[in-house]
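A look at the structure
What follows is each chain in one-letter form.
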Amino acid sequence: MDWGALHTILGGVNKHSTSIGKIWLTVLFIFRIMILVVAAEKVWGDEQDDFVCNTLQPGCKNVCYDHFFPISHIRLWALQLIFVSTPALLVAMHVAYRRHEKKRQFRKGDQKCEYKDIEEIRKQRFRIEGSLWWTYTSSIFFRLVFESVFMYAFYFMYDGFRMPRLMKCNAWPCPNTVDCFVSRPTEKTVFTIFMIAVSSICILLNVAELCYLLTKFFLRRSKKAGNPKHHPNHENKEETKQNEMNELISDSCQNTVIGFSS
Amino acid sequence: MSWGFLCDLLSGVNRYSTGVGRIWVAVMFLFRLLVYIVAAENIWKYEHDEFECNVKQPGCENVCFDHFFPVSHIRIWALQLIMVSTPSLLVVFHVAYRENREKHHNQQLHKSPRKIAGGLLCTYLISLLLKIGLEVVFLVLFYKLYNGFKVPQLVKCDINPCPNTVDCYISKPTEKMIFLYFLVATSCLCIVLNLSELGYLIFKHFTKCYLKRYTRKSQ
């Protein structure tokens, strides 16, 4: 069990994402998780062993390290990646729930259900509309929130994104203000800036996806409003509802053949 | 044999769970197992090497470390994850027993051997109660063993062979404390999920019984 398990879990969500969502997932796995595992973890691997303070006083090094690094960069990134990935599960759960409902309809022999067999339901890709649109949009919103919170926490805890070479420490039991030297400060600064840059790219991708979904939503609404089929002055409410349902059903059936094209 | 085995176990359990049960599995995977493996394990990796006492007396550090950490936080965490996942096996075994019985008698004894009703409902409820009980037991154990969930920066030790009361410094106390609070928060979340699942199943069962009785009376 490791990051690969997360990849398996999120891979399923990929099918129901927009193109921007798919790009986001790729950036997440290649430029963040993979970089974290193959490179960053090794750079921070010896962080406490090679953190050296200019004193022989036992305990001074431990206390100074704890004071300057309340939570290691590596752990903070790992938590950020886990939290940022979890909103996608909301979409996965919603899709699973829809599939479960459709399977139930199919088993009951409901005539409205236009699937030939259960395999078709399992393989079907749902369009991002209706309640699924709201779930998807909320998941993007939460992603944005988590990314921003973690970036701010990082900036606040470490006073910026630069790793200094030398830190002055006078916490007890250090006898006076001692110099403590961080291991590999330049390499750590480079990786920190890289991870922050990729986080920013992910935030931009999420904002773009959000704008895309909102634009699509408003366009669809205006298309429906301007549709000449609907004459609400002449039809009663029930007939209007039935017409909308029939349209939705025929749209979703078309899409099982054509596929989600965006 | 490693955490992958527990993952396979939990994935198997997922098939026989309710919706809330599936959320519980997701929380277990992502917020507990994954965080443990990718982050927490590394924090406690060199805890003994980095535990430093202000004395040169050989053996003093070992004795003090053993006194203050009879069982390491990370080991209790691992035990908790394993123990809390295993009651779900009761449900898996019961379903397997049902399917085996149907095969043996060569006839359909239940509407669906996986439907949570009848005996399987009892097994499911027992597994939920066990999960809740074990979570609470481990949280209380943590609290009693370490006097709360705080990790001090410094501990004072005067056990033989330490010549007098020496200062011993724990490595990364703040980071350890943050992850311990995270552990407590996720445990509490899992307890809440299990309680709501328990409540939901009991409510559903009583509603079904009441409706059956009402339909019988009206007939």
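Residues numbered from 1 in each chain as written. Chains lettered and ligands numbered in written order. Predicted model: local features only at pLDDT ≥ 70, side-chain atom pairs only at ≥ 80, totals over all residues. Heavy atoms only, no water.

Things to note about the overall build of chain B
- Tallying secondary structure elements over chain B gives 8 helices and 3 strands in all.
- For chain B, the N- to C-terminal ordering of α and β elements is α-α-α-β-α-α-α-α-β-β-α.
- Computed over its C-alpha atoms, the radius of gyration of chain B comes to 24 Å, more than 25% above the 17 Å expected for a compact globule of 219 residues.
- Taking contacts inside chain B between residues at least 6 apart in sequence as the whole, the part at least 24 apart equals 75%. (Helix = DSSP H or I, 4+ residues; strand = E, 2+ residues; numbered from the N terminus. Rg over C-alpha atoms; globule rule 2.2 N^0.38 Å. Contact = heavy atoms within 4.5 Å.)

Digging into the UniProt feature "transmembrane region" (unreviewed entry) in chain A
Residue and element names in this part refer to chain A.
- Within this structure's numbering, the places UniProt gives as "transmembrane region" (unreviewed entry) are residues 23-40, 77-97, 132-158 and 191-214.
- The span residues 77-97 is 95% helix and 0% strand, and its two end C-alpha atoms sit 31 Å from each other.
- End C-alpha to end C-alpha, residues 132-158 measures 39 Å, and it is 100% helix and 0% strand. (UniProt positions renumbered as here; feature names shortened; annotations may be inferred.)

Observations concerning the confidence of the model for chain A
Residues and elements named next belong to chain A.
- Here chain A averages 81 in pLDDT, while 81% of its residues score no lower than 70.
- Overall, residues 230-239 carries pLDDT values under 50, and its contacts beyond four positions in sequence, including any with other chains, amount to 8 contacts.
- Taken as a whole, residues 245-262 scores under 50 in pLDDT and shows 19 contacts with residues more than four places along the chain or in a different chain. (pLDDT = per-residue confidence, 0-100.)

Notes on the interface of chain B and chain A
- Of the residues lining the interface, 33 residues belong to chain B; the matching set on chain A comes to 28 residues.
- Here chain B packs against chain A, burying approximately 2,700 Å² in sum over the two surfaces, 68% of which is carbon and sulfur.
- Where chain B meets chain A, there are 8 residue pairs in polar contact (both at pLDDT 80 or more).
- Of all the secondary-structure elements, those providing two or more residues to the side of chain B that touches chain A are α1 (3-14), α2 (19-43), β1 (52-53), β3 (166-169) and α8 (173-218) of chain B.
- The leading source of residues in the side of chain B that touches chain A is α2(B), at 13 residues. (Buried area = accessible area lost by both parts, 1.4 Å probe. Polar contact = N/O pair within 3.5 Å; in protein donor to acceptor, adjacent residues only side chain to side chain.)

Looking at a positive patch on the surface
Residue and element names in this part refer to chain B.
- Residues Lys 115, Lys 204, Lys 208, Lys 212, Arg 213, Arg 216 and Lys 217 make up a contiguous surface patch of positive charge.
- Take Lys 212: it is sitting in helix α8.
- A relative accessible area of 54% places Lys 212 in the exposed class. (Patch = residues over 30% accessible without salt bridge, like charges linked within 9 Å, V, L, I, M, F, W, Y side chains within 5 Å. Areas by Shrake-Rupley, 256 points an atom, 1.4 Å probe, with all protein chains shown as cover. Salt bridge = Lys/Arg side-chain N within 4 Å of Asp/Glu carboxyl O. Lys, Arg positive; Asp, Glu negative; His and termini not counted. Charge placed at Lys NZ, Arg CZ, Asp CG, Glu CD. Buried < 20%, exposed > 50% of the residue type's maximum accessible area, 1.4 Å probe, protein only.)

A short note on helix α1 (residues 3-14) of chain A
Residue and element names in this part refer to chain A.
- Counted at 1.5 Å a residue, the expected span for α1 with its 12 residues is 16 Å, and the 16 Å between its end C-alpha atoms agrees.
- Taken together, the buried positions of α1 are occupied by Trp 3, Leu 6, Leu 10 and Val 13. Taken down its axis, α1 places every buried residue within 60° of arc, on the same side. (Expected span 1.5 Å × (residues − 1). Arc of directions from axis to C-beta.)

With respect to the packing of aromatic side chains
- As enumerated under the stated definition, the model contains 31 aromatic pairs over all chains in all.
- For the ring pair A:Tyr65 and A:Phe69, a centre distance of 5.1 Å and an interplane angle of 45° mean the geometry is tilted.
- Overall, A:Phe69 belongs to the buried group, its relative accessible area being 4%.
- Among the aromatic residues, those joined into a cluster by ring pairs are A:Trp44, A:Phe51, A:Tyr65, A:Phe69, A:Trp77, A:Phe154, A:Tyr155, A:Tyr158 and A:Phe161.
- The side chain of A:Arg143 reaches across the aromatic face of A:Trp24, ending 3.8 Å from its centre.
- One cation-aromatic arrangement involves B:Lys131 over B:Trp24; the distance from NZ or CZ to the ring centre is 3.8 Å. (Phe/Tyr/Trp six-rings, centres within 6.5 Å; stacked < 30°, edge-to-face > 60°. Lys NZ or Arg CZ within 6 Å of the ring centre and 35° of its normal.)

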